[in-house]
Amino acid sequence: MNSGGCLGISSRKPCSNILILGKKSSIFGSPLLQRGHSCEYNLSKSQLKLCYSSIKANCSHNRKILGFRRVIDSNRIVFGGSGSNWGQSKFFLADRVKKNGGFGSVTANVASNIRNNSNSVGSRLPENSFENIYIQGGFSVKPLIIERIEESQDLFGKDEEKGKVDEVKVNDGTFGDTDRFSGAEASEPTLGIHVSEVEKEAWELLRGAIVNYCGSPVGTVAATDPADKQPLNYDQVFIRDFVPSALAFLLNGEGEIVKNFLLHTLQLQSWEKSVDCYSPGQGLMPASFKVRNVPLDGRDGEFKDLLDPDFGESAIGRVAPVDSGLWWIILLRSYGKITGDYSLQERVDVQTGIRLILNMCLTDGFDMFPTLLVTDGSCMIDRRMGIHGHPLEIQALFYSALRCSREMLTVNDTTKNLVVAINNRLSALSFHVREYYWVDLKKINEIHRYKTEEYSSEAVNKFNIYPEQIPSWLVDWIPDSGGYLCGNLQPAHMDFRFFTLGNLWSVISSLSTDKQSEGILNLIEEKWDDLVAEMPLKICYPALEHDEWRIITGGDPKNTPWSYHNGGSWPTLTWQFTLACIKMGRPELARKAVAVAEQRLPGDSWPEYYDTKQGRFTGKQARLQQTWTIAGYLTSKMLLRNPEMASMLYWNEDYEVLEKCVCGLKNGRRNCSRLAATSQ
Ligand code: GLC
């Protein structure tokens, strides 16, 4: 896919390409439409009612709409720029032509307010170093802007630092100096440091998983299992799976693929896909996307690249990818931190993307708690596992994404209310989780003696947890010291299972207090044989068995006890463990886990997950050469080699947020967050 030109578009259902004009937009004012440049529309029936009569004279056929996006809220209108001028933008249309090569390009006019909406970087970038490609769909889609980095230019000013599929180039990860990324100082990377054969193999496999779109790397597929006859969606780029790949690339001094990924997924963000005629909220990020190379209509032998997102409408069980947007924000911040290229997060389209995700998360609903209410399977565990409600993993990612956004959002009149909302939510969320999710011996003892049916705002047992819910395994399992955050909490329901990702990410983001974070690592160390054993790390502990398995998973044959999401061991979690350990000053613990993984992963062909209590067997249905297993291993190795890089990826306690605590308890029993932060 390295041909010079190709047409990049995103696929959508034929009926879902719709154009809605923002309040300030005028279809008649568009030179684009008036002059009849290559503007193609595919309107849904419902939308035809709204705008067909206005635009049909200007439309031809289907698919591409230039320069419009749905404008829904007032924030967005302001954010999108208020000018009603229409500017001219370069529309790059380059079909990959298999037979005769070559490509065509057209220049089309795009509404300047839309351009402002979508690209603030134009003036910042040297005119001749990027090709701006504006291609897009319609309704609720941002103009697709692809910055094609020319051969002679890259983020590092060094061609050889770009990812190449067939070469293993590894540096020692000491790219702390941001100049290397910005290209301001084009020094040689420290290539050729000693890396083990295992790492070399891992790099080769990781590079082999790279997916190109219009000739540029945009992500890594979930798995490249050569024996897999039925890849399902493992040949797609998953947002969550790409995070460790992205970190491995960033730590190795390669930023282009990450930047491309962030921009492309941003363009997919607001695409209208629906399940049973109902569309998810604007701002949802897809779970994954696939790059398809499809023949061009009516042009023999010509092909185009097509980005096809999946918002859950094709996913098994139709799960909603709540975590995708949160991961996207987290990765965006990591990109800035590691490369020093903050211009990406400052772009108006990127800022709008952050705001859309946050708006979705912060919208008022029926919730009583500061935690996010989600359906089952809305995160890494994307099958029914009884984690609907307020699962810890989502809360920890939510908290991290809020902290990232607080750092990245440009504060102005449009965003100031959002920033206040973020601060309030951070404060309430940390109080809620620290106070109510924490489980240790003392707390279990308290629950054991809980009174129930307390009707009062002063109730001790606020969630009316019946002591009978304390599972028998926990009584013996909980160590004398240490503890963890429970998996889920809602009325009369406390899920006492230990979920690794949520706990690790709480440590990383300082959602847990320092003392709690220490307690979590102590517990992992103490329960090593249960949580690490022969392969790090258990996704959750313990497994659901017998009737619980039947009732809670619905008898899921993939999630049988001690397999897959139900107590399986997932090596990809090692990088998050490594990060948490480095943050808490315990790298030796991470080193031990990485050593365990290293012993088996290459021999077993880098499986997705392991089965059995001790993680002895390769998972029954595990894909081999699973990319996030490989990338997680590499990221762990690089973080351990350069712990100072890790500090860019975790957060310390934010006392400012605690000071601003807005929860109702402030004037009550105690000054909550402060106390919770220091007393646990
Ligand atoms: C499985 C996992 C999910 C992952 C996907 C691709 O569905 O449950 O977390 O993103 O595979 O690897």
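What you see is a predicted model, and the numbers here were worked out from it, not measured in a lab. (Residues numbered from 1 in each chain as written. Predicted model: local features only at pLDDT ≥ 70, side-chain atom pairs only at ≥ 80, totals over all residues. Heavy atoms only, no water.)

K.L.:
Tell me about the sheet that holds strand β13 (residues 483-490), and please be specific about residues and values.
P.N.:
In space, the four strands of this open sheet follow the order β12-β13-β14-β15, with antiparallel pairing throughout. Because the sheet does not close on itself, it has two edges, and the strands there are β12 (438-440) and β15 (540-541). Where β12 and β13 come together, three bridges link them in antiparallel fashion. Within β13, the residue paired with Val439 across the bridge is Tyr484. (Pairing = 2+ DSSP bridges. Helix = DSSP H or I, 4+ residues; strand = E, 2+ residues; numbered from the N terminus.)

K.L.:
Describe the packing of helix α8 (residues 256-268) against helix α11 (residues 348-362), with residues and values.
P.N.:
Across the interface, α8 lies against α11 with an axial gap of 10 Å and an inter-helix angle of 60°. Between α8 and α11, the angle is such that the two are oblique. Crossing geometry of α8 relative to α11 is assigned as left-handed. Mapping the contact onto sequence places Leu263, Leu266 and Gln267 in α8 and Asp349, Val350 and Gly353 in α11. In terms of residue class, the contact of α8 with α11 is built from three nonpolar, two polar and one charged. (Axes fitted to C-alpha atoms, helices over the stretch in contact; angles between N-to-C directions. Parallel < 35°, antiparallel > 145°, perpendicular 65-115°, else oblique. Left-handed = near helix turned anticlockwise from the far one by under 90°. Contact = heavy atoms within 4.5 Å. Nonpolar A, V, L, I, M, F, W, Y, C, P; charged D, E, K, R; others polar.)

K.L.:
Hey, could you go over the site of the ligand for me, with residue numbers and the actual values?
P.N.:
Residues in close proximity to the ligand include Ala222, Tyr234, Phe238, Arg240, Asp241, Met380, Asp382, Tyr564, His565, Glu608, Gln626 and Trp628, which together make up its full environment. Residue Met380 places a main-chain N or O atom 2.7 Å away from an oxygen atom belonging to the ligand. Burial of the ligand by the protein chains amounts to 96% of its free accessible area of 310 Å². (Near = heavy atom within 4 Å. Polar contact = N/O pair within 3.5 Å; in protein donor to acceptor, adjacent residues only side chain to side chain. Areas by Shrake-Rupley, 256 points an atom, 1.4 Å probe, with all protein chains shown as cover.)

K.L.:
Before we move on, could you go through the nonpolar core and cite the residues and values that matter?
P.N.:
Grouped together as the largest cluster of nonpolar side chains are 156 residues, with contacts concentrated most on Trp328 and Phe577. With residues up to four places along the chain from it excluded, the contact list for Phe577 reads Leu504, Leu521, Ile524, Trp528, Leu537, Leu589, Ala590 and Ala593. (Core = buried A, V, L, I, M, F, W, Y, C linked by side-chain atoms within 4.5 Å. Buried < 20%, exposed > 50% of the residue type's maximum accessible area, 1.4 Å probe, protein only.)

Any functional reading would require information beyond the geometric quantities listed.
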